[in-house]
Amino acid sequence: MTSTAAAPPPRAYRRLSVEERRAQLLVAALGLFAHRAPDEVSLDEVAVAAGVSRPLVYRYFPGGRQQLYEAALGSAADELKLCFTEPPVGPPTERVARVLDRYLRFVDEHDTGFSALLRGGSVVETSRTTSIVDGVRRAAAEEILSHLGRIGGADAGGRSAGPRLRMMVRSWIAAVEAASLIWLDEGKQPPAAELRGWLVDHLIALLAATAATDEETAAVVRDLLALETPGGPAGRLAELVIPVVADAAHLLAAAPAAD
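Criteria and cut-off values
Residues numbered from 1 in each chain as written. Predicted model: local features only at pLDDT ≥ 70, side-chain atom pairs only at ≥ 80, totals over all residues. Heavy atoms only, no water. Core = buried A, V, L, I, M, F, W, Y, C linked by side-chain atoms within 4.5 Å. Buried < 20%, exposed > 50% of the residue type's maximum accessible area, 1.4 Å probe, protein only. Helix = DSSP H or I, 4+ residues; strand = E, 2+ residues; numbered from the N terminus. Contact = heavy atoms within 4.5 Å. Axes fitted to C-alpha atoms, helices over the stretch in contact; angles between N-to-C directions. Parallel < 35°, antiparallel > 145°, perpendicular 65-115°, else oblique. Left-handed = near helix turned anticlockwise from the far one by under 90°. Nonpolar A, V, L, I, M, F, W, Y, C, P; charged D, E, K, R; others polar. Lys, Arg positive; Asp, Glu negative; His and termini not counted. Salt bridge = Lys/Arg side-chain N within 4 Å of Asp/Glu carboxyl O.

A few words on the nonpolar core. Leu 68 and Trp 172 are the most contacted members of the largest nonpolar core, which totals 66 residues. At 9 residues, the largest contribution of residues to this core is made by helix α8 (residues 163-185). For Leu 68, the contacting residues outside a window of four places in its chain are Leu 25, Leu 26, Ala 29, Phe 33, Leu 43, Val 46, Val 57 and Phe 61.

Following this line, the structure appears as C-alpha cells:
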C-alpha cells in the first residue's frame, strides 16, 4: 500500500481593511498614470492591475477616474513632502545634501509615482491637481528657506524671505524637478550621488549670483558660510571654483588712476 502526502491546507483568505484596499488601488493607479495621460486610462485597467472588480473601484472612488487620479497624486505628494523634512543640525549645505539623498532615493524607488506626480501639473489642467503638485513645490521651498535661516511667507513675521530670495529658491526647486526627470530619461545616469552633489553646487552658485545684487541674499550667504566646513559641499566647491574665477581677473574694471 502506497501512502500519499497530504495536500497543503488552502491559504486562509484575509479580507483587506478599507485603508489597505484603498492603498492597493492607489498603487495600481499610479503605475498606470505614470506612463499614460489620465484620460487614456480606464477604470477597467485599474481594476485589472489591482486584481479587483470594476464595481469595487467605484465603491472606493465613486467620482470615477478623476477622483482616483487626484487621490493617487495626493498619495505620492504626501510621501514626497516627507523627503524634505530635515532637522536644523549641522552645516546648511550638508542638510540640503541629506534632503536630496532622500529625494533622489524616492525618485529611484518610486519612479512611476514620481513621474505621475510631476505630470499632474501639465497633463491634467484642473485646479485640484495643480494645487496638489504646487503644494509639494511650496513645501520644498519652505524647507530649503528654513535651512537658509529664513521663512518663506512675506507676512509670516520674523526673518521672512524677500522676493528675490524666494524666487531664487523656487527656481532651484524647478531645476531639481527637471534634472530628476532627465535623470530618469537617461537611465538614472550619472549616479545619484553625483547628481546630488551637482544639485547642491547649483544651489550654492545661485545663492552667490543672487547675493551679488541682493543684500538680503548676501546676508544669508554670509551666515551660511560661517556655518560651513572646509570638507563640506561649500568648501569643496570653493576649492574648485576659485582657480577658475581667477582666470577672469582681466574682466574686472581697471581701478581709476589716482590724482
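What follows is about the packing of helix α7 (residues 127-147) against α8. Running from N to C, α7 and α8 point in directions that differ by 120°, and their axes come no closer than 10 Å. The angle between the axes of α7 and α8 places the two elements in the oblique class. For the crossing formed where α7 meets α8, the hand is right-handed. Contacts from Arg 137, Ala 140, Ala 141, Ile 144 and Leu 145 of α7 reach α8 at Leu 165, Arg 166, Val 169, Arg 170, Trp 172, Ile 173 and Glu 177. Taken together, the residues that form the contact of α7 with α8 break down as 8 nonpolar, no polar and 4 charged.

For Arg 95, the location among the structural elements is in helix α5 (residues 92-109). Despite its burial, Arg 95 remains without a salt bridge, the nearest opposite charge being carried by Glu 86 at 6.7 Å. Residues contacting Arg 95, with those up to four places away along its chain left out, are Glu 86, Pro 87, Pro 88, Val 89, Gly 90 and His 147.

A few words now on the packing of helix α1 (residues 18-33) against helix α2 (residues 43-50). Where α1 contacts α2, the two axes come as close as 9 Å, and the packing angle between them is 120°. Considering the angle they form, α1 stands oblique to α2. Considering how the two elements wind past one another, α1 and α2 form a crossing that is right-handed. Across from Gln 24, Leu 25, Ala 28, Ala 29 and Leu 32 in α1, the residues of α2 making contact are Glu 45, Val 46, Ala 49 and Ala 50.

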